[in-house]
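Working through the structure, step by step
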Amino acid sequence: MRDPSDDLAVNRAVWTVVNEEFTDAQAHDLWAAPEFVWGLFNIPERELGVLGDVTGLDVIELGCGTAYVSAWLAKLGARPVGVDLTPAQLDTARRCQERFGLSFDLIEANAEDVPLPDDSFDLVVSEYGACVWCNPERWIPEAARLVRPGGRLVFLTNSVQVTMCVPEAGGHAGDRLLRPQNGTSRVEWPGGGVEFHPSHGDWIRVLRASGFEVEALHELYAPANSRTPEYYDIATAEWANNWPVEDLWTARLTR
Ligand SMILES: C[S@@+](CC[C@H](N)C(=O)[O-])C[C@H]1O[C@@H](n2cnc3c(N)ncnc32)[C@H](O)[C@@H]1O
């Protein structure tokens, strides 16, 4: 029987390497970004309007990495707390906090088991964090525990389509289905981490089981004239002009 703590160790090791290769160097530019944008192709929040007014809201970011999303939320007037599993990622986030004079709590923890009380937040956010790297059967109930009744959950993850079109060995998505949808819930990349990519139906089932009502699923394409991202070889801009590359979900706790 597989021990879930093995997945944590694998993912922590992956993100320690990615931090050294890429995210540590990239963090400064992201913290300095002039506005809140979503995803690989930088779609402005002002166009999508998924967050609403976050002024004065208590927000928790699950799998915050270098915490640039939390920094953008703080600049918009929210009170963020960032949670992440990987010390190297949090070290980068702390350095950026000092450089940008922005201070908020950063907690080293598994987003499936956060050491904070129930009903502490108005908004739970994950941008390629817990929503990719944690088991939805564990982190969604944890998000529901942390958020106050009527509070919201917003998360951005790889689209179902891109997950099925990326080759087994990694690399950019092609224009054919290369893996079955049955089985994408848990994906182990060769030499990489353990990810979770449920189908849309599975997301809705898990969200509703924890008391969330789905508000919207925004399927994000690359805007015209986008450039293919440099480090993450998931999809080219041309691919993402044709198929949604990211799923941006919003839900409200109605229980
Ligand atoms: C792609 S980063 C997301 C952060 C940021 N938005 C970004 O794009 O760089 C993924 C982050 O999830 C974190 N992570 C992976 N598994 C986790 C877990 N079980 N609990 C908390 N964080 C986790 C990793 O340490 C990593 O920093």
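First, a word on scope: everything that follows refers to the structure included in this document. Keep in mind that this is a model prediction, so the values were computed, not measured. (Residues numbered from 1 in each chain as written. Predicted model: local features only at pLDDT ≥ 70, side-chain atom pairs only at ≥ 80, totals over all residues. Heavy atoms only, no water.)

1. Some words on the overall build of the protein chain
For clarity, the cut-off: Each helix is a run of H or I in the DSSP string that is no shorter than four residues. Each strand is a run of E no shorter than two, and both are numbered from the N terminus. Only C-alpha atoms enter the radius of gyration; for comparison, a globular chain is expected to reach 2.2 Å times N to the power 0.38, where N is the number of residues. Accessible area is worked out with a 1.4 Å probe on protein chains only. A residue is then buried under 20% of its type maximum, exposed over 50%, and partly exposed in between. Working rule for contacts: check all heavy atoms of both residues, and any pair within 4.5 Å makes them a contact.
For the protein chain, the helix and strand inventory stands at nine helices and eleven strands. Its C-alpha radius of gyration of 17 Å places the protein chain within 12% of the 18 Å reference for a compact globule of 255 residues. The C-alpha extent of the protein chain, read off along each of the three principal axes, is 45 × 40 × 40 Å. With 255 residues in all, the protein chain has 55% of them scored as buried. Counting contacts in the protein chain only where the partners sit at least 6 residues apart, residues at least 24 apart contribute 71% of the total.

2. Things to note about the side chain of Thr-250
Along the chain, Thr-250 falls in strand S11 (residues 246-253). The buried category is assigned to Thr-250, whose relative accessible area is 3%. Excluding anything up to four places from it in sequence, Thr-250 contacts Val-50, Arg-152, Leu-153, Val-154, Glu-213, Val-214, Glu-215 and Ala-216.

3. So, the site of the ligand
Condition: Definition of nearness: a residue and a molecule or strand are near each other if at least one heavy atom of the residue lies within 4 Å of the molecule or strand. N or O atoms closer than or at 3.5 Å make up a polar contact, with two conditions inside protein: a donor-capable atom paired with an acceptor-capable one, and, for residues adjacent in sequence, both atoms drawn from side chains. Accessible areas in this description were obtained via Shrake-Rupley with a 1.4 Å probe; residue shielding takes into account the shown protein chains only.
The environment of the ligand is made up of 17 residues, and the closest members are Tyr-68, Asp-84, Thr-86, Ala-111 and Glu-127. Separating an oxygen atom of the ligand from a side-chain N or O atom of Tyr-68 is a distance of 2.6 Å. Thr-86 places a polar side-chain atom, nitrogen or oxygen, 2.5 Å from an oxygen atom of the ligand. With the chains in place, 97% of the 580 Å² that the ligand exposes on its own is no longer accessible.

4. Details of the pattern of salt bridges
Condition: Think of a salt bridge as a Lys or Arg side-chain nitrogen and an Asp or Glu carboxyl oxygen that are within 4 Å of each other.
This structure, assessed with the given rule, holds 18 salt bridges. Of the charged contacts, one joins Arg-138 and Glu-112 as a salt bridge, the two residues approaching to 3.1 Å between their closest N and O atoms. Taken as a pair, Arg-138 in helix H6 (residues 136-146) and Glu-112 in the loop between strand S5 (105-108) and strand S6 (121-127) lie far apart in primary sequence, 26 residues in all. Classification of Glu-112 by relative accessible area gives buried; the value is 14%. For Asp-202, the salt bridge identified is with Arg-205, shortest N-O distance 3.7 Å. Remark: Arg-205 and Asp-202 occur in helix H8 (residues 200-209); sequence separation between them is three residues, near one turn of the helix. Residue classification places Asp-202 among the partly exposed residues on the basis of a relative accessible area of 29%. For Arg-205, a relative accessible area of 44% gives the class partly exposed.

5. Some words on the side chain of Glu-112
Within polar-contact distance, the side chain of Glu-112 engages the backbone nitrogen of Asn-135 at 2.9 Å. Once you skip the residues sitting within four places of it in the chain, Glu-112 turns out to touch Cys-134, Asn-135, Arg-138, Trp-139 and Glu-142.

6. What about the pairing of S5?
Here is the rule: Here a strand pair is declared whenever DSSP counts at least two bridges between the two strands. Note on handedness: a clockwise path from strand one over the helix to strand two, with the strands aimed away from the viewer, defines a right-handed crossover.
Here four bridges tie strand S4 (residues 79-84) to S5, and the two strands are oriented parallel to one another. Bridge pairing in S5 places Val-81 opposite Asp-105. Chirality of the crossover, the property in question, places the unit of S4, helix H4 (residues 87-100) and S5 among those that are right-handed.

7. A few points about the sheet that holds S4
Sheet strands pair via backbone hydrogen bonds, and the direction of the pair is either parallel or antiparallel. Defined as follows: Note on definitions: angles span 0 to 180 degrees between N-to-C directions of axes, and those axes are lines fitted to C-alpha atoms, for helices only across the stretch in contact.
Pairing within the open sheet is mixed, and its seven strands lie in the order S5-S4-S3-S6-S7-S11-S10. Two strands in the sheet have a free side with no partner beyond their single neighbour: S5 and strand S10 (212-220). Within the sheet, the average angular offset between the axes of one strand and its neighbour, ignoring direction, is 15°. Pairing geometry for S10 and S11, over eight bridges, is antiparallel. The residue bridging Ala-216 from the neighbouring strand is Thr-250, located in S11. Each of strand S3 (58-62), S6, strand S7 (147-158), S10 and S11 is contacted by H6, which is oriented at about 145° to S7, the strand it contacts most.

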